[in-house]
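Close look at the chain arrangement
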Amino acid sequence: MFLAALTSGDYGTVPPDVALVHRLLQRDVRAFEELYDRHSRAVYGLVLRILQQAGSAEEVVQDVFLQLWRNAGRYDETRGPFVSWLFTLARNRALDTLRLKSERQRRREDQTEEFPPVAVAPEYEKDLDEKRCAARVRALMASLAPQQKRAIELAYFEGLSHTEIAAALREPLGTVKSWIRNGLLRLKEGMQATT
Amino acid sequence: MSDLDQFRQMAEAHALGALDAEERAAFEAHLAAGCSGCDKALAEARWLVSQLAYLAPETAPSQALKDRLMRSVGAESRVVPITAAKKSAIPFWLWAGVAALLILALYSTWNTRQLSGEVKRLQEQATAENQKREKLEQELAASRQEAQMRAILTNPESTKIMLMPSKKDMPSLEAKWHSQLGLVVTGYEVPKLSGNRVLQLWLIPKDSKAKPMPSITFWPERDGKLAKLVANPEEAMPEVKALAITEEPAGGSEQPTSAPIWVGAVS
């Protein structure tokens, strides 16, 4: 239900992204280009943030959008917003590349699966568009303590575990766990409060 | 804190990928046990975590990347994928039925041709067999006739009848008549007959008022030889006083139409 009203657009009750995905299933190249134009900046920004290298980031973004073109049917609109699915797919691919490059053993098989699992947006998110959502996330994260924000970023952008983050920040494991959990809860509450 | 609360608190860290291996395994085992509350919490946590992507500054990728992607997608769009292919208006089972009927029709045509060929071959074989049988029957009849003629000619009980010619340049003929086996007429150097004329044997009754009885018609062979059997003479030998042979039209006559060429008395 939240999907229908997550973003407003010219497609009636169907979100623009979902309508475009429907057209992708009909092999509509224009729909693909439109989706790329809508999301490539955010996806590339995310992947570049993780990989810190433009060439590798473009390779991953190319792979992500080709997977979208070839496997658009894997996205289930009833199970979450398209952009969450796309971001998760891009993050997983980028972290995979990062881990391969650093020759780290993959710790999180579920996090590196080819297509992301269900992501449910809470009801309070239904009126947010992407720009407003991005601005809110940035504002809320900026309000966190620097160490708390850093711990979350290490987990999200570098794929580190609690233990690895604790080692990287030289903080107790319990403290790191609390920072991350409390930070995410604050993010969640903040997004809900500003709706 | 209950175990359930502990698991519920792991949802965000799991979505973030921050749980260590042991915690992750325990949480996933809990999910596998069917905890719908934690499953829902994890789904919401995944959405929340996905929003962290907005922390990264939006950056435009190169135009070359878009160009490469559009070329790849454009090339692939010309190949109709299986999943996006339009379903045929005609269902598969109907195609299968049509194919089966076509195969059946082809088989029937082939089978008909085979059968027609077989029938023709059998007909030709039957015709050949009939011709062979007729030939054998003819040969058998000829053999029987020859045997009967030999029996009449060699039987001491046969009565010899000399058929004398009415003209000097004609050879005389000989007949032998056995009361049971029949009558044989033989001769040599008999001249060829003209046109469609034949020789006809007549039995002349002893009763002077009775008319000559027509018997078989025959003609000499190319070498002038003559040997003809009358298996069942039209009259018994005691009732016949003479044999006569005339020249008649093909098919014979009811009454003699010419003077006898040969005549012989039955003694």
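You'll find the structure just up there.
Anyway, here's the lowdown on the structure attached to this text. Just so we're clear, the structure is a prediction, and the values are computed from it rather than from any experiment.

Helix and strand content of chain B: 6 helices and 8 strands. The helix and strand sequence of chain B, counted from the amino end, reads α-α-α-α-α-α-β-β-β-β-β-β-β-β. In chain B, which comprises 267 residues, the share counted as buried stands at 24%. Put simply, 58% of the contacts in chain B that link residues at least 6 apart link residues at least 24 apart.

This part is about the nonpolar core. Core analysis: the biggest nonpolar cluster contains 75 residues, and V47, A155 and I180 of chain A have the highest contact counts within it. Among the elements that line this core, the one with the most residues is helix α2 (residues 29-51) of chain A, at 11 residues. Here I180 of chain A is in contact with A151, I152 and A155 of chain A together with A13, L16 and A18 of chain B, once residues within four sequence places are set aside. Counting residues in hydrophobic clusters, the runner-up holds 22 residues, among them M149, V185, V240 and L243 of chain B.

The next subject is the packing of helix α3 (residues 54-70) of chain A against helix α4 (residues 82-102) of chain A. Residue and element names in this part refer to chain A. For the pair α3 and α4, interaxial distance at closest approach is 10 Å and the crossing angle is 135 degrees. Here α3 is positioned oblique relative to α4, judged by the angle of their axes. In this structure, α3 crosses over α4, and the sense of that crossing is right-handed. Of the residues in α4, those in contact with S56, V60, D63, V64, Q67 and L68 of α3 are L86, L89, A90, R93, A94 and T97. Classifying every residue of the contact of α3 with α4 gives 7 nonpolar, 3 polar and 2 charged.

Unusually for a residue other than glycine, Q52 of chain A sits at a positive phi of about 60 degrees. Among the structural elements, Q52 of chain A can be located in the loop between α2 and α3. The exposure class assigned to Q52 of chain A is exposed, which follows from the 12 C-beta atoms found within 10 Å. For E189 of chain B, which is not a glycine, the phi torsion comes out positive at approximately 55 degrees. Topologically, E189 of chain B is positioned in the loop between β3 (182-187) and β4 (197-205). Residue classification places E189 of chain B among the exposed positions, given that 11 C-beta atoms sit within 10 Å.

In an α-helix, one full turn covers 3.6 residues, which means residues spaced three or four apart are oriented alike. Taking 1.5 Å as the rise per residue, helix α5 (residues 130-142) of chain A with 13 residues should run 18 Å; its terminal C-alpha atoms sit 18 Å apart, in good agreement. Looking at the buried positions of α5 of chain A, the neighbouring elements they touch are α6 (146-158) and α8 (173-193) of chain A.

Our next topic: the interface of chain A and chain B. It is common to give the size of an interface as the accessible area lost on bringing the parts into contact. Every contact between the two is made by 54 residues of chain A and, on the other side, 41 residues of chain B. Looking at the side of chain A that touches chain B, the elements that each hand over two or more residues are α2, α3, α4, α5, α6, α7 (162-169) and α8 of chain A. The element contributing the most residues to the side of chain A that touches chain B is α2 of chain A, with 12 residues. Its residues assigned to classes, the side of chain A that touches chain B comprises 29 nonpolar, 13 polar and 12 charged.

A word on the sheet that holds strand β2 (residues 173-178) of chain B. Residues and elements named next belong to chain B. With antiparallel pairing, the 8 strands of this open sheet are ordered in space as β5-β4-β7-β8-β1-β2-β3-β6. The two strands at the open ends of the sheet, each matched to only one other strand, are β5 (213-218) and β6 (226-230). Averaged over all adjacent pairs, the angle separating strand axes in this sheet is 20 degrees, with direction ignored. Along the sheet, helix α6 (residues 92-154) contacts β2, β3 and β6; its crossing angle with β3, the most-contacted strand, is approximately 90 degrees.

Conventions adopted
- Residues numbered from 1 in each chain as written.
- Chains lettered and ligands numbered in written order.
- Predicted model: local features only at pLDDT ≥ 70, side-chain atom pairs only at ≥ 80, totals over all residues.
- Helix = DSSP H or I, 4+ residues; strand = E, 2+ residues; numbered from the N terminus.
- Buried ≥ 20, exposed ≤ 12 C-beta atoms within 10 Å, placed from the backbone.
- Contact = placed C-beta atoms within 7 Å.
- Core = buried A, V, L, I, M, F, W, Y, C linked by C-beta atoms within 7 Å.
- Axes fitted to C-alpha atoms, helices over the stretch in contact; angles between N-to-C directions.
- Parallel < 35°, antiparallel > 145°, perpendicular 65-115°, else oblique.
- Left-handed = near helix turned anticlockwise from the far one by under 90°.
- Nonpolar A, V, L, I, M, F, W, Y, C, P; charged D, E, K, R; others polar.
- Expected span 1.5 Å × (residues − 1).
- Pairing = 2+ DSSP bridges.

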